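Commentary on secondary and tertiary structure
The lines below spell out each chain.
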Amino acid sequence: MNSLSHMLPMLTSLDLSSTLAQGPLPAAMSTITLYHYLFTSAALFCIGLIGFLTRRNLIIMFLCTEMMFQAAGIALIAFSRFHLNHTGETFVIFILTVAAAEAALALALVVLLFRRKESLDASVWTELKG
Amino acid sequence: MLLTLLFTPLLAALLVPLMPKHAVRQVALVGTLVPLALVIFWLCTHNWFVGPPQGVGVDAAWVEQLGIRFTLGIDGLSMALVTLTAFLGPICVLASYSAITTRIRTYYGWLLVLQAVMTGVFLARDAILFYVMFEFTLVPMFVLISLFGSTNRKAAAIKFFLYTFTGSVLALAGIVYLAWFNTQLPGKLFDGSGSWTFNVAALVNAGQKMSAVQQTWVFFALMAGFAVKVPLFPLHTWLPLAHTEAPTAGSVVLAGVLLKLGTFAMLTLAIPMAPIAAITYAPAIAVLAIIGCIYGGLICWVQTDVKKLVAYSSVAHLGFCVLGMFSFNAAGLQGSVLYMINHGLSTGALFLCIGMMYERYHTRNMAELGGLAIKMPIWASFFVLFTMASVGLPGTNGFVSEFLCVLGAFQAGGNLGAFAGSTGGNLGPFFAFAAGTGMIIGAIYLLYMLGRVCFGPLKEPLGHADHGHGSSHGAAHGSGHAAAHGSDDDHAQHLPADLTGREIGILVPIAVACIFFGVYPKPLMQLIDKPVMNTVQLVESTRKEMPAPKAAPSAPATPATPAKTSTPAHTDPAKHAEVPSAPAAAAAAVQESHS
Amino acid sequence: MIEKLSTLWPEITLLIAATLSMILGVSPSLAIRRLCAPIAAAALVIAGLLAYGDDPRAATVPNLALPHLAQYGKVITAAIGLLLLLLCVGLPDRDYEAKLARGGVFDALRNTRGEFYAFFLFSLTGLMLCAGADDLIWLFLALELVSLPTYIMVAISTSRNRSMEAAVKYFFLGALGAATFLYGFALIYGATGTTYLPKIAEIFQAQYAAGGLSGIAVAGLVLSVIGVCFKIAAVPMHFYTADVYQGAHASVTAFLAFVPKTAGFFALMLLLATVGWASGEATTSGLPQPLHTILWIIAVLTMTAGNVLAVLQNSVKRIFAYSSIAHSGYMLVGLIAGPVVGDGSLQSSGLAAVLFYLVAYGVTNVGVFAVLASLEKRKAGAAAETTDEVDSISDFRGLCSTSPLLGWTLVISCVGLLGLPPLLGFFSKMPLLTSGIRAGEYGLVVVLVINSAIAAYYYLRIASTALLESPDLASSSTVRPVGIPTRPIAGLAAAACVVALSLYTITDFARFGAKYDLPHKQVIPAPSAPSAKEAPAKSPSAPSAPAAQPQANVPGATTTN
């Protein structure tokens, strides 16, 4: 573990293009920087968001929110490695648990809806308008 | 004493719902007569010329955490208006005997609450208590209009509520800003430990230490609240609607007292709290007031509804009142305060007269009425008297106040005035001249109304004549009318053609007061002399030697107002002098006051 | 670890009760099933007393910016939770129990009573945990624990299609919000390397000192704030509110209007406390510029959109949904104004104002929804079971004469929400005004007061319909009380509070709860701090205690394990 004082200068600038960790790394990994991971995670997040806003199929919409969750997970793991502590990874385990709970809930709700209207299209549910 | 004034009507209001129906009116009457008796006793036993009696104030904890206290106090000005309120109270109750026959518990209950709250506004010496009372007048009035008004009552009630509520929340923001400024004054450096106070005297003191720019903001925030209530010209549109729809007693209270809450608040809060801004913007306010006079008058001219005409005439009359107030000299301010009282008397009485007529004819349309003097001579003589008082005929109370207001505007010199001896704000002969035009218009429309309604050949509403004995005239008609009218408007059926003893009893005291104050206004002027002179002095000192506005006028200060002890080191006095003409310096002053 | 558990007794109590309720709820015996609600009530009372009694937290967890928030949050959760519980009694399984009474066979799978109370308690547990969070992971889990049960509560609150629809909308937008603030948390972690809030605050202060927050930290905070906006129904995330409030049963709507909103405000307070309010300088509200701007815009839009949209509605539930949005906007003013260092007075500390307002709003809200939940509409000639919820304004015509207690409760609650003096609504809005002005947010205060005036229109409309109009006897459907006595009781209790709440106790408690210590125990003049109106640093009364001893490893990771 690096001490706080050691980390500070780096944090203030947070040089994104530096390699993922300060420690020695396998040669193949050294070209992949924190930046790449963050980019992936941001891309996932945005794809999820766009998908959520544009698609009307309930299952797909749910998958989009899951994608956004996992985007956060990727960012956390990358940061965890970057900061050389395990907090981020711990966080991800909790996120996975919560995501599983949400999945159970979402599928139950979707099944309920499907039973009533025989459709997965969100736009057939328009009773509440105002 | 003050608590009795405040709580007797409230107690009666609590009793009213528990009473059997026949006793409700008596309880209400007692609830309003007791304060009146108290006030009269107090007026007679105390020499108000030397100042308010000592030690009558109340100061109790209320919402400590917010620095809000239950502080009551009184001076000549508020005494005058409290007297007016107490005087109109029993009259309103009596005037409703025949007009209100359904849901009387609700009606008298809310009327009493209104009475108490209006008294509270004049007595409050804590800005938040004042605001609470000021706002709470809306609730009883809202209920009275929307339950007991005429056809379009709901819209009128909601418009009334929203207009005044919107204005007064802005005033609240102004008060809060001022209270915050007060906490920032030197000597009470911000310690974050509840040093907020809303004591009016402390706030007035603090307000005078503000820079011109700050004062301007506070002034306009406060005026936004109070001008709606008055109502000043562009904000007046709620008034005619509310008046037309309200029941008679509601109109009387509205015209008599509620409108005065606005002018009272201007005089005791807005002007002393922001004297520099008040002086700077006096011409602008006066222009609005004069537009109100003339525009209101012209609108009156084309009205066919008598009640609406009188309602618009309130807009015009209150314009004079505000004009006098913003003359900032003794004549103008005296006139303005007198106007508050006199307008309450004469316009209140006019509404009563119209209400009495309406109970008989169920119309207020001038096209359907005419020559009522033949039919109702007693009523007509009262109506003529009160109209004359409203016009401002010499010998009636209206003359004194209107004349003083215009005189004040004429004398007020300032930068525009050409007179060496001019005093007060930046008004001048131009303003007086324009207001004079308003006076003439006022005379025209009121006399025009009088001519159409009272004189000429007798003209009664069509349906009314049919229901009665065909073309029958004279006293016999009353009974015929009563018999012919079905149970649908049973409340009118017992009324004779001319006024009953009760109705005469209602109008006589007002008539006496109108003539008395027209001939001999001295007692009233003595009563209000001190607060008025305090304001004059405040304005003079602010204007002449801009730097050091002197101590707060009026208002028995509570002992523990820490701001009083502070030295004026915080905002450099010299700043004030140059501020009005130098925005940069003003900005600097703002910057500094933030620190 | 163990000492931390000792701060969680109230939550543990609620969890035990939730488990018990789940078990008892599926009992075939009606008498045992009926125990669920009393158990929940008892648990809430015990939890409230435990939380009120002693707060060992300040001792065990050093360095918190808001050391008393947890205690305050837990106590009000328990208190208002009790009122909400009174509202919800009789809601789960109403139709099902009626069917059983007519001779149906009990089927544990069709029964939702136990789940309902359990989820009710779970959600309140989440709220309590949220108030006590000192770690991002904890905060995330607490927020999810608040929300997940509410989705199910909405779905099972009635058997109508619209409840399903409301639940799905709520869930999907909730998941979107959760993902957003989760991503924000991830970025905050990235910027600081820790999830422990006091530590984050320390690092942020250091970044301030070194020239300003890093971009990634600001992005993280902004995303977190926007995500949490979902919970408080603030503008970019407010779309679900009206539909969900309308679709859910009125009792559950009352729950939604208080619990997630309160959780959201606790979360916002904790998050913003990490960056601090201009180092606690008394006269300016000094959140970092981008955060300040965003919150400012959100507050203005939230207040205005909520009120303007509410004016356009006819459904009472939609009106209260939009008004709930507007109230969140009011509270954001207090949040932007921020606290003052130490035990600030109620007028100066925006956080105390928000904490007080949350209680006032929660109580008044219970009053309104108690009336809605206590009434039902039945079509003339329809079967006895086919009742509908009261929803349109005209259903309330003459309520004060047909059922005076409910009518007056509605009128008082509406006028209270309107903020008319001398009711609770006014006294709770006052501190928002004073603290906003104290912080120099004049623009926000003006928007706030103008919005109160707009709000007057629709509150007045409802109140005057109930109070002043005569009952509509010719209508095809009749409105009548439901016959569940606890709901009017909850309403009456709420209305009584609105009129005569002992302000001193609660305001004092709010002040206590909003006690704010500087994150770093040391004033660092923030170079990048916004505001031309920034005051020259006069040495505040703030303590000059040395900076907290640096902790090399990250305590946050272990605390939640």
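Residues numbered from 1 in each chain as written. Chains lettered and ligands numbered in written order. Predicted model: local features only at pLDDT ≥ 70, side-chain atom pairs only at ≥ 80, totals over all residues.

1. With respect to the overall build of chain A
Regarding its fold elements, chain A presents four helices and zero strands. Each helix (α) and strand (β) of chain A, taken in turn from the N terminus, gives the series α-α-α-α. Scored against the burial criterion, the 130 residues of chain A give a buried share of 32%. (Helix = DSSP H or I, 4+ residues; strand = E, 2+ residues; numbered from the N terminus. Buried ≥ 20, exposed ≤ 12 C-beta atoms within 10 Å, placed from the backbone.)

2. Let's talk about the overall build of chain B
Counting its regular elements, chain B contains 24 helices and two strands. Residue burial in chain B is summarised as follows: out of 595 residues, 61% are buried. Pairs at least 24 apart in sequence give 77% of the contacts found in chain B among residues at least 6 apart. (Contact = placed C-beta atoms within 7 Å.)

3. Things to note about unusual backbone geometry
Between B:Val230 and B:Pro231 the backbone carries a cis peptide bond, its omega angle lying at -10 degrees. Mapping B:Pro231 onto the fold places it in the loop between helix 9 (212-229) and helix 10 (238-245). That bond from C:Pro421 to C:Pro422 is cis: its omega, 0 degrees, falls within 30 degrees of zero. Note on placement: C:Pro422 falls in the loop between helix 19 (404-418) and helix 20 (424-438). One non-glycine residue with positive phi stands out, namely A:Glu118, at about 55 degrees. Overall, A:Glu118 belongs to the exposed group, with 8 C-beta atoms counted inside 10 Å. Residue C:Ala233 is not a glycine yet carries a positive backbone phi of 60 degrees. C-beta crowding within 10 Å serves as the criterion here: with 29 such atoms nearby, C:Ala233 is assigned to the buried category.

4. What to know about the interface of chain C and chain A
Every contact between the two is made by 48 residues of chain C and, on the other side, 41 residues of chain A. Mapped onto the side of chain C that touches chain A, the elements with two or more residues apiece are helix 9 (136-157), helix 10 (161-192), helix 11 (197-209), helix 13 (240-247) and helix 24 (555-559) of chain C. Top element by residues in the side of chain C that touches chain A is helix 10 of chain C. It accounts for 19 residues. Considering only residue class, the side of chain C that touches chain A consists of 30 nonpolar, 13 polar and five charged. (Nonpolar A, V, L, I, M, F, W, Y, C, P; charged D, E, K, R; others polar.)

5. Some points on the nonpolar core
Counting residues in hydrophobic clusters, the biggest one holds 463 residues, and the most contacted among them are B:Ala270 and C:Cys130. With 21 residues, the single largest contributor to this core is helix 10 of chain C. Once you skip the residues sitting within four places of it in the chain, C:Cys130 turns out to touch C:Leu139, C:Ala142, C:Leu143, C:Val146, C:Ala263, C:Phe266 and C:Ala267. (Core = buried A, V, L, I, M, F, W, Y, C linked by C-beta atoms within 7 Å.)

6. A look at helix 17 (residues 350-374) of chain C
Its 25 residues place the ends of helix 17 of chain C 35 Å apart at the C-alpha level, agreeing with the 36 Å of an ideal helix rising 1.5 Å per residue. Extensive coverage of helix 17 of chain C is indicated by the burial of 25 of its 25 residues. (Expected span 1.5 Å × (residues − 1).)

7. Quick notes on helix 4 (residues 87-117) of chain A
All names here are of chain A. With 31 residues, helix 4 extends 44 Å from end C-alpha to end C-alpha; this agrees with the ideal 45 Å at 1.5 Å per step. Restricting attention to buried positions, one finds in helix 4 the residues Thr-87, Gly-88, Thr-90, Phe-91, Val-92, Ile-95, Ala-99, Glu-102, Leu-105, Ala-106, Leu-109 and Leu-113. Taken from the residues just after helix 4, Glu-118 is the one with a positive phi, measuring 55 degrees.

8. Focus: the packing of helix 7 (residues 153-183) of chain B against helix 21 (residues 442-468) of chain C
For the pair helix 7 of chain B and helix 21 of chain C, interaxial distance at closest approach is 9 Å and the crossing angle is 160 degrees. Taken together, helix 7 of chain B and helix 21 of chain C sit at an angle that is classed as roughly antiparallel. Of the two elements, helix 7 of chain B crosses helix 21 of chain C, and the hand of that crossing is right-handed. Counting all contacts with helix 7 of chain B, which are made through B:Ile158, B:Phe161, B:Leu162, B:Phe165, B:Thr166, B:Val169, B:Leu170, B:Leu172 and B:Ala173, the residues of helix 21 of chain C involved are C:Val445, C:Val446, C:Val449, C:Ser452, C:Ala453, C:Ala456, C:Tyr457 and C:Leu460. A breakdown of the residues in the contact of helix 7 of chain B with helix 21 of chain C according to their chemical character gives 15 nonpolar, two polar and no charged. (Axes fitted to C-alpha atoms, helices over the stretch in contact; angles between N-to-C directions. Parallel < 35°, antiparallel > 145°, perpendicular 65-115°, else oblique. Left-handed = near helix turned anticlockwise from the far one by under 90°.)

9. Some words on the confidence of the model for chain A
Note that predicted coordinates carrying low pLDDT should not be read in detail. All names here are of chain A. Here chain A averages 79 in pLDDT, and 75% of its residues register 70 or above. Ignoring residues within four places in sequence, the model shows residues 1-13, a span with pLDDT below 50, making 19 contacts including any to other chains. Long-range and interchain partners of residues 15-27, a stretch whose pLDDT sits below 50, account for 19 contacts in this model, where long-range means more than four residues apart. (pLDDT = per-residue confidence, 0-100.)

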